[in-house]
Amino acid sequence: MRSSRKVRLALATLTAAGLMVIAACGGSNPTDTTTTAAATPAATTAAGSSAGTASGDAATGSMDASGADLTVLFGSSGQAETDALTAAAASWSSSSGSKVTVTPAQSLEQQLAQGFSSNTAPDIFYVGANQVANYAKAGNLLKYGDSLPNAADFYPALKSSFTYDGSLYCAPKDMSTLALFINTDMWTAAGLTDADIPKNWDQLATVSAKLTSATVAGLAVSPERDRMDAFLVQNGAYLVAPDGTTITANDPKNVEALTYVKKLMTDGSLKTPAQLNSGWAGEAFGKGAAAMTVEGNWLLGAMTKDYPTVKYTVAELPAGPTGTKGTLVFTNCWGISATTKYPDQAKAFVEFLTGTKQQMTFSQAFGVIPSISSAQADYLKAFPANQPFVDGVQYARGVVNLPGVTDVLGDYNSQLEGLATGDPQAILDSVQANLTTAVGG
């Protein structure tokens, strides 16, 4: 079993700062940057004078990139992300003949709403999967994704997250998936070996119980859909069918999945962060209140920064009863305003940002995983310890992106907080009814 020390050494050979908390992943992590920026320096402007000619990572790609004055609004996870995007804008500007002004948002969705209503929206901006259908339905987004030369290179699960009414509206900027973090010292002390790393639900229940003590929970999971819905996928279902539109919240497989999670709770081997005096499951894991947790690759950076002495390993999430693997994927896309004066230049800049070279630069700078399959080999060569997260995207489901369902999903989260004493069937029946009403309305 790999220790966190070995993991950190592998990563440190490529970035002196280590992985930082991952950025802007559609409400997936404890620093949700779709709404609030962690750092808000003044906007940065970059200008250039000459045009490039190559595609993919080149300044212009296959589109005319010169002569624009572009504005970019984004939710930043911190200074590392802000600096990386500012540098990317300067690099593109210097060879494209266009100017790019980069601004981290104070409250991204609020600022975008104001921009849309006053016809002053930025040219390019982060869009979470939970908002893409709302913006597309309202006519705020330029529908450009399918026209990108690298459109086929994006992972299918990411493309699905930003597809509305049959069209890929915007390019996925990066990705995060969930995996199982295991404290190796606690694992060894419990008499467990590599052979015991859980591959299915029965094994997860067994090791969770074995790792549980009066002071430590075997497993910590946040009581929210962005974590617990992974169990639905592992049981072969989800809130919506693979077509992305048919509501399947109260599918018997989903009821079975939440019933399994509830049993772990009532058995005492799965506890929520609040029960462990923690703000989120990653904190509970880091301070030793939990031996395992289900979290995303953003926890890697938090462990390096806040809990550098904790030894751990990362594994893929266990499969469900029928052997189905499942996890969740989180991402933002590069939205382009439907009213931009520079659609070709904006698309050229996005093509540059989503090329292999630039995505790898972002990975080195602030820990994100590239959204394109052609960068997978380079990424895993640089970050071999992150294999479980990359493998997960092949069988992941994305955030439900139907228009008008934000409040329904918020209510679902509230109900999940009471799952330990609640009725899984009743919870999912209400979600089914509310989603159906919201989509129909």
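Up top is the structure these notes are about.
For clarity, every value in this text was computed on a predicted model and none was experimentally measured.

1. Things to note about the overall build of the chain
In step 1: Scanning the chain from terminus to terminus reveals 17 helices and 15 strands.
In step 2: Expressed as a percentage of the 441 residues in the chain, the buried residues total 58%.
In step 3: Excluding contacts between residues fewer than 6 apart, the proportion of contacts in the chain whose partners are at least 24 apart in sequence is 77%.
In step 4: Carbon and sulfur atoms make up 51% of the accessible area of the chain, which amounts to about 16100 Å² in all.

2. Comments concerning the state of the cysteines
In step 1: Going through the model one piece at a time under the given rule, you end up with one disulfide.
In step 2: The disulfide partner of Cys170 is Cys333, and the S-S distance across this bridge is 2.0 Å. Its torsion about the S-S bond being -80°, the disulfide of Cys170 and Cys333 is classed as left-handed. Of the two residues, Cys170 is situated in the loop between strand 6 (167-168) and strand 7 (171-172) and Cys333 in strand 14 (residues 332-336); the sequence distance between them amounts to 163 residues. Of the two residues, Cys170 and Cys333, neither departs from the other in class, the shared state being buried.

3. Considering the pattern of salt bridges
In step 1: A full pass over the atoms with the stated rule returns nine salt bridges.
In step 2: As a salt-bridge pair, Lys99 and Asp69 come within 3.5 Å of each other at their nearest N and O atoms. A residue pair is termed long-range when its members are at least 10 positions apart, and Lys99 in strand 3 (residues 99-104) and Asp69 in strand 2 (residues 69-74) qualify at 30 residues.
In step 3: Given the relative accessible area of 30%, Lys99 is considered partly exposed.

4. Thoughts on the packing of aromatic side chains
In step 1: The final tally for this structure, using the stated rule, is 17 aromatic pairs.
In step 2: Ring geometry for Phe181 against Tyr312: centres 5.9 Å apart, planes inclined by 35°, an arrangement best described as tilted. Of the two residues, Phe181 is situated in strand 8 (residues 176-183) and Tyr312 in strand 12 (residues 312-315); the sequence distance between them amounts to 131 residues. Exposure class is identical for Phe181 and Tyr312. Each is buried.
In step 3: Centre to centre, the rings of Phe349 and Phe352 are 6.3 Å apart; their planes meet at 15°, and the pair counts as stacked. A residue pair is termed a helical-turn pair when its members lie 3 or 4 positions apart in one helix, as Phe349 and Phe352 do in helix 12 (residues 343-353) at three residues.
In step 4: Cluster of aromatic residues (ring-pair linked, three or more members): Phe181, Phe285, Tyr312 and Phe389.
In step 5: Note that Lys173 overlies the ring of Trp334, its terminal NZ or CZ placed 6.0 Å from the centroid.

5. Re unusual backbone geometry
In step 1: The backbone phi angle of Asp165 is positive, close to 55°, even though this residue is not glycine.
In step 2: By the element assignment, Asp165 lies in the loop between strand 5 (163-164) and strand 6.
In step 3: At Asn277, a position not held by glycine, the phi torsion is positive, near 55°.
In step 4: Take Asn277: it is sitting in the loop between strand 10 (270-271) and helix 10 (281-286).

6. Section: the nonpolar core
In step 1: Among the nonpolar cores identified, the biggest contains 129 residues, and Leu85, Leu219, Met292, Phe349 and Tyr412 are the most heavily contacted of them.
In step 2: Among the elements that make up this core, the one with the highest residue count is helix 9 (residues 252-267) (seven residues).
In step 3: Sequence-distant contacts of Leu85, defined by excluding residues within four places in its chain, comprise Val72, Phe74, Val102, Tyr126, Trp334, Leu353 and Phe362.

7. Remarks on the pairing of strand 8
In step 1: With respect to burial, strand 8 is a largely interior element, eight of its eight residues being buried.
In step 2: Examined bridge by bridge, strand 8 and strand 13 (residues 327-330) share two bridges and lie antiparallel to one another. Considered in strand 13, the bridge of Thr177 is made with Val329.
In step 3: As paired elements, strand 8 and strand 11 (residues 292-296) share five bridges and run antiparallel to each other. Directly across from Phe181, in strand 11, lies its bridge partner Thr293.
In step 4: Sheet topology note: the strand 8/strand 12 ladder contains four bridges and is antiparallel. Across the sheet, residue Phe181 finds its bridge partner in strand 12, namely Val314.

Scoring rules and cut-offs
- Residue indices follow the written sequence of each chain, beginning from 1 at its first position.
- Given that this is a predicted model, residues contribute local features only at a pLDDT of at least 70 and side-chain atom pairs are listed and counted only at 80 or more, while totals for whole chains, interfaces and linings are drawn from all residues.
- Side-chain metrics in this entry use all non-hydrogen atoms of the structure; hydrogen atoms and water are not considered.
- Strands are runs of DSSP state E lasting at least 2 residues, helices are runs of H or I lasting at least 4, and numbering of each runs from the N terminus.
- Per-residue accessibility, obtained with a 1.4 Å probe over protein chains only, is compared with the maximum for each type, and a residue is labelled buried under 20%, exposed over 50%, and partly exposed between these values.
- By the convention used here, residues are in contact when the closest approach between their heavy atoms is within 4.5 Å.
- Each accessible area is a Shrake-Rupley estimate made with a 1.4 Å probe; only the visible protein chains count as cover when residues are assessed.
- Cysteine sulfur atoms are paired as a disulfide whenever they fall within 2.5 Å.
- Salt bridge, as used here, is a side-chain nitrogen of Lys or Arg placed within 4 Å of a carboxyl oxygen of Asp or Glu.
- Working definition: a ring pair exists when centres of Phe, Tyr or Trp rings (six-membered ring for Trp) sit within 6.5 Å. Plane angles under 30 degrees give stacked, over 60 give edge-to-face, the rest tilted.
- Comment: the charge-over-ring label is applied if NZ (Lys) or CZ (Arg) is within 6 Å of the ring centre and within 35 degrees of the ring normal.
- Joining through side-chain atoms within 4.5 Å is the link that ties buried Ala, Val, Leu, Ile, Met, Phe, Trp, Tyr and Cys residues into a set, and such a set is a nonpolar core.
- A pair of strands counts as paired when DSSP detects no fewer than two bridges linking them.

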